[in-house]
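Residue-level listing of the chains:
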Amino acid sequence: MAGPLVRSSYRAGRLYAQTVAHRGEELPANLAHLSTAGPAAQEATSLLERLAK
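Rules behind the numbers
Per chain, residue numbering runs from 1 following the sequence as it is written. This being a predicted model, a pLDDT of at least 70 is required before a residue's local features are given, and a value of 80 or more before pairs of side-chain atoms are given or counted; all residues contribute to the totals for chains, interfaces and linings. Side-chain numbers here rest on the full set of heavy atoms in the structure, without hydrogens or water. Counting from the N terminus, the helices are DSSP H or I runs at least four residues long and the strands are E runs at least two residues long. Between buried and exposed lies partly exposed: a residue is buried under 20% and exposed over 50% of the maximum accessible area for its type, with that area taken using a 1.4 Å probe on protein chains only. To be clear on the numbers: accessible area is Shrake-Rupley with a 1.4 Å probe, and residue cover counts the displayed protein chains and nothing else. Residues count as neighbours in contact if any of their non-hydrogen atoms are within 4.5 Å of one another. Think of a polar contact as two N or O atoms within 3.5 Å of one another; within protein, one of them needs to be a possible hydrogen donor and the other a possible acceptor, and neighboring residues in sequence only count if both atoms come from side chains.

- The protein chain carries the name Lipoyl synthase in an unreviewed UniProt entry, which gives Amycolatopsis minnesotensis as its organism.

Listed below in structure tokens is the structure:
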């Protein structure tokens, strides 16, 4: 598995949404899903949770 910084694009949308919220701004309607997205399927914790089931 690659390290978490190798493919930072997996988290780019979520980080953008967090930054916009921190600034007190509102996300455009077409990007609102970024603020409610769960962990990326590529994250190790997501993979380990699925394997444990």
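Next comes the rest of the write-up.
**Points about the overall build of the protein chain**
- When you go through the protein chain residue by residue, the secondary structure sums to two helices and zero strands.
- Each of the 53 residues in the protein chain was classed as buried or not, and the buried ones make up 13%.
- Taken as a whole, the protein chain presents about 4400 Å² of accessible surface, with 58% of it coming from carbon and sulfur.

**Quick word on the environment of S35**
- Assignment of secondary structure puts S35 in the loop between α1 (12-22) and α2 (44-52).
- Taking the C-alpha atoms as reference points, S35 and V20, 15 residues apart in sequence, are found 9.6 Å from one another.
- Beyond its immediate chain neighbours, meaning those up to four positions away, S35 contacts A17 and L27.
- At 2.9 Å, the side chain of S35 forms a polar contact with the backbone oxygen of A32.

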